[in-house]
Amino acid sequence: MSSAAQSFSSPSLSRGDRPLAKSARAHLARIVSVSGAQAVAIVDSEVSEAHRRGEERIEIGALLKIASQRTVVMGVVSAVSIPVPDAEPGKEPIGLVELNLAGEISLDRNTMKPVFRRGVTSIPTIGDPVQIADHSDLALVYTPTDADTITVGTLFQDPSIPARMLVNELFGKHFTVVGTTGCGKSSALTCILQSVLQDHRHAHIVLLDIHNEYGGAFGDRAELIDPSNLRLPFWLLNFQELTAALVSMDEHRDAESEILADIVLQAKRRYSDAASGRLRKQADSSGITVDTPLPFRLSDVVQIIDDQLGRLERAQATLPYKRLKARIDSLVSDPRYSFMFGSLVIEDTMTEVLGRIFRVPIAGKPITVLNLAAVPVEILDVVISLVSRLAFDLAVWSDGGVPILLVCEEAHRYAPAEQGGVFQPTRQALARIAKEGRKYGVSLALVTQRPSELDPTILSQCSTAIAMRLSTDRDQGVMRANTHEGALDLLDFLPLLGDREAIVLGQGVPMPVRIKFNAVAEVQVPRTRHTGFADAWRTPHMRADELAEVVRRWRLAVRSKSWA
């Protein structure tokens, strides 16, 4: 703990509305300007000797306290300056400190104990003294005892004080983790999720792992799912998702979509009639739509296509049917798609699929790590859209009985800012969760290294921003535009943050704070496939037969794309 933190005792609060007692120590500065949520203080020329020696440093992000009429107002330092550095000989230069006011400490009228609350009811005025918040002030502000919290690291201003986040505000109102590659973004996310799982063993967390990084991050508390053991039947897809998987993107798209809608509806009714054990009248099955999550057989789809082809004579009219059939045959025969299209037996396994992915029941594994690294890129968006939509629908139809956190790694890849040429159902599914999910107990955690490339509608719904090192002005500007917080000036210092450091803004913390995340155990650190050129170039790591296998998989992937 710094000497600055030890130098000032917590202000004594009086009963009623009488002024706060003066601190025994001299103040460092006095307020000279207040405008909205910002204040400016001028450093006193008669500061303590400790401050002259640099032991009481006023740094960016530090918490200062202002003794106002009835409360102690807390402000975060956003800038320090000497506007007139060429002072007259023998005179101290004028130092200015800019503050973002965020909350205040006052007496709770019921308990008669000091408490911190966001918002300022007693606005500082000219001449009010300013001091550095001491250890007890920091503990009172950043370690609330009246709310469920998790410890994720330590305060930058005083490493002896734990950095805590509010569970309900963080996980119940969407949050984002942003930062450039290598700043510790994945480790920070792991630290947050590990912390919440320690005391919340009945959580429901689904992590979309795009790069296969989190397989060992949560030990035996995680249900590990990848295409080798994933069963995500195609009939769970709604029509938009099914169209993305089966229909081409060229001029025949509309014709193929129209044909597919009619054929899928027939196939669902045929399966439903067979499952019921009796032939239903048309009126009985009129409630089934192309989006109803009911099983149907691809073999029935192919048979209906063949029946239609037998009635058609013109080559032009048969082309959409033939292309649909070719695409279905390609997906069924390609082993990379077996998790969705490879099942020979069609059964109604919707309950089992939902239970495994969303952990109902928990069975000792409150988090699902869905490894999507091996999912073909052509269908990756379809899978993410399906999982996102199922999360929302499960929350809705269970009346919020299954609170779910959906963690989206590399979120800008499947919910980009640009509208053209992207898979719309994925964006729509995530946007629906962002806008309406909190009402039903489903929330998002968006992780990205390029917030400027993420859909602004989705990003704007995040109530907490965990901002790590960001270098580009564009990304910093987007964070300012989409963060609902008065301390936005702190984001100017994102390029200066060290590894595992973050500025946290929003409702997930008691007030804006600069923190350092706890280190994650070596075996739990999210891994990357590439360890760096220096290590990779010291030893050989690919044989001729391994290269041949790469070529084989390469050709298979390219061939699977040639259906269109």
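Above this note sits the structure.
Along each chain, residue indices are assigned from 1 in the same order as the chain's sequence is written. For this predicted model, a pLDDT threshold of at least 70 governs which residues receive local features, and a threshold of 80 or more governs which side-chain atom pairs are given and counted, while totals over whole chains, interfaces and linings are taken from all residues. Hydrogens and water are ignored here; the side-chain numbers use all heavy atoms of the structure.

## Re the overall build of the protein chain
Counting from the N terminus, the helices are DSSP H or I runs at least four residues long and the strands are E runs at least two residues long. Across its full length, the protein chain carries 18 helices and 18 strands. Partitioning the contacts of the protein chain with sequence separation of at least 6, the portion at a separation of at least 24 is 70%. Surface summary for the protein chain: the accessible area is close to 26,900 Å², and the carbon and sulfur share equals 52%. Here, residues are in contact when the closest pair of their heavy atoms is within 4.5 Å. Surface accessibility in these figures is a Shrake-Rupley result with a 1.4 Å probe; residues are shielded only by whichever protein chains are displayed.

## A closer look at the packing of aromatic side chains
Here the aromatic set is Phe, Tyr and Trp, taking the six-membered ring for Trp, and pairing holds for ring centres within 6.5 Å; pairs whose planes are under 30 degrees apart are stacked, those over 60 apart are edge-to-face, and all others are tilted. Scanning all chains against the criterion turns up four aromatic pairs. Taken together, a centroid distance of 5.8 Å and an interplanar angle of 10° make the contact between Phe234 and Phe341 stacked. You can see Phe234 sitting in the loop between strand E12 (222–225) and helix H6 (239–246) and its partner Phe341 sitting in helix H10 (residues 338–341), a full 107 residues away along the chain. Neither Phe234 nor Phe341 differs from the other in exposure class; each is buried. Under the scheme applied here, a residue whose accessible area is under 20% of the maximum for its type counts as buried, over 50% as exposed, and between as partly exposed, the area being computed with a 1.4 Å probe on protein chains only.

## Quick look at the side chain of Ser463
Relative to the helices and strands, Ser463 resides in the loop between helix H15 (456–459) and strand E16 (464–467). According to the relative accessible area criterion, Ser463 is buried, its value standing at 15%. Apart from the residues lying within four places of it in its own chain, the contact partners of Ser463 are Lys173, His174, Arg438, Leu505, Gly506 and Gln507.

## Things to note about the nonpolar core
For this analysis, a nonpolar core means a set of buried residues of the types Ala, Val, Leu, Ile, Met, Phe, Trp, Tyr and Cys, connected via side-chain atoms within 4.5 Å. If you look at the biggest cluster of nonpolar residues, it comprises 74 residues, and the most contacted ones within it are Leu208, Met340, Phe341 and Phe358. The dominant element in this core, judged by the number of residues it contributes, is helix H12 (residues 377–397), at 12 residues. Setting aside residues no more than four positions away along its own chain, Phe341 makes contact with Phe234, Ala245, Leu246, Leu298, Leu331, Val332 and Ile379. If you look at the next biggest cluster of nonpolar residues, it comprises 64 residues, including Val167, Cys183, Ile367 and Ile515.

## Looking at the environment of Val290
With respect to the element layout, Val290 can be found in the loop between helix H7 (253–276) and helix H8 (298–311). Spatially, the C-alpha atoms of Val290 and Leu265 are 5.2 Å apart, while their sequence positions differ by 25 residues. Not counting chain neighbours up to four residues away, the residues in contact with Val290 comprise Phe239, Ala261, Val264, Leu265 and Lys268.

## Considerations on the packing of H12 against helix H14 (residues 424–440)
Interhelical geometry of H12 versus H14 gives an angle of 20° and a closest axis separation of 9 Å. In terms of their interaxial angle, H12 and H14 are classed as roughly parallel. Two packed elements cross with a definite hand, and for H12 against H14 that hand is left-handed. In contact with Asp381, Ile384, Ser385, Ser388, Arg389, Phe392, Asp393, Ala395 and Val396 of H12, H14 contributes Pro425, Thr426, Ala429, Leu430, Arg432, Ile433, Glu436, Gly437 and Tyr440. The residue makeup of the contact of H12 with H14, split by class, is nine nonpolar, four polar and five charged. Angles run from 0 to 180 degrees between N-to-C directions of axes, and those axes are lines fitted to C-alpha atoms, restricted for helices to the stretch in contact. Note on terminology: angles under 35 degrees are roughly parallel, angles over 145 are roughly antiparallel, angles of 65 to 115 are roughly perpendicular, and the others are oblique. Here a crossing is called left-handed whenever its near helix is offset anticlockwise from the far helix by less than a right angle, and right-handed whenever the offset is clockwise. For this scheme, ten residues count as nonpolar: Ala, Val, Leu, Ile, Met, Phe, Trp, Tyr, Cys and Pro. Four count as charged, namely Asp, Glu, Lys and Arg, and the remainder, Gly too, count as polar.

## Structural notes on the sheet that holds strand E18 (residues 513–517)
Should DSSP find at least two bridges between two strands, the strands are regarded as paired. Taking strand neighbours across the sheet as the criterion, the 11 strands line up as E9-E8-E18-E17-E16-E10-E15-E14-E11-E13-E12 in an open arrangement whose pairing is mixed. Of all strands in the sheet, those with a lone pairing partner are strand E9 (162–166) and E12, marking the two edges. Averaged over neighbouring strand pairs, the angle between their axes works out to 25° when direction is ignored. When strand E17 (residues 501–506) meets E18, the two strands line up antiparallel, connected through four bridges. By the bridge assignment for E18, Ala502 is matched with Ile515. Packing against the sheet, H12 makes contact with strand E11 (205–209), strand E13 (367–371), strand E14 (404–408) and strand E15 (442–448), and its axis sits at approximately 160° to E14.

## Re the packing of H6 against H12
Two numbers describe how H6 lies on H12: the axes approach to 10 Å, and their chain directions differ by 170°. In terms of axis orientation, H6 runs roughly antiparallel to H12. The handedness of the crossing between H6 and H12 is left-handed. Between H6, through Glu241, Ala244 and Ala245, and H12, the contact on the second element is made entirely by Val382, Ser385, Leu386 and Arg389.

## Things to note about the pairing of strand E6 (residues 114–118)
Examined bridge by bridge, strand E5 (residues 96–107) and E6 share five bridges and lie antiparallel to one another. Bridged to Ile105 within E6 is Phe116.

## Comments concerning helix H16 (residues 473–481)
All of the buried residues along H16 are Asp475, Gln476 and Met479. End-on view of H16: buried residues confined to an arc of 100°, all on one side of the axis. Away from its buried face by more than 90 degrees, H16 exposes Asp473, Arg474 and Ala481. In this fold, the buried residues of H16 make contact with strand E10 (175–178) and E16. The reported arc concerns the directions from the helix axis to the C-beta atoms and nothing else.

## Description of the pattern of salt bridges
The term salt bridge refers to a side-chain nitrogen of Lys or Arg lying within 4 Å of a carboxyl oxygen of Asp or Glu. Applying the stated criterion across every chain, the model contains 22 salt bridges. Of the charged contacts in the structure, one is a salt bridge between Asp475 and Arg450, with a shortest N-O distance of 2.9 Å. Here Asp475, found in helix H16, pairs with Arg450, found in the loop between E15 and H15; they are 25 residues apart in sequence, far enough to count as distant. Judged by its relative accessible area of 26%, Arg450 falls in the partly exposed class. In this structure, a network of salt bridges that share partners links the residues Glu241, Arg389, Asp393 and Arg432.

## Points about unusual backbone geometry
With an omega of 0°, the peptide bond between Val360 and Pro361 qualifies as cis. Tracing the backbone shows Pro361 in the loop between helix H11 (350–357) and E13. For Met112, which is not glycine, the phi torsion reads 60° and is therefore positive. Checked against the element boundaries, Met112 lands in the loop between E5 and E6.

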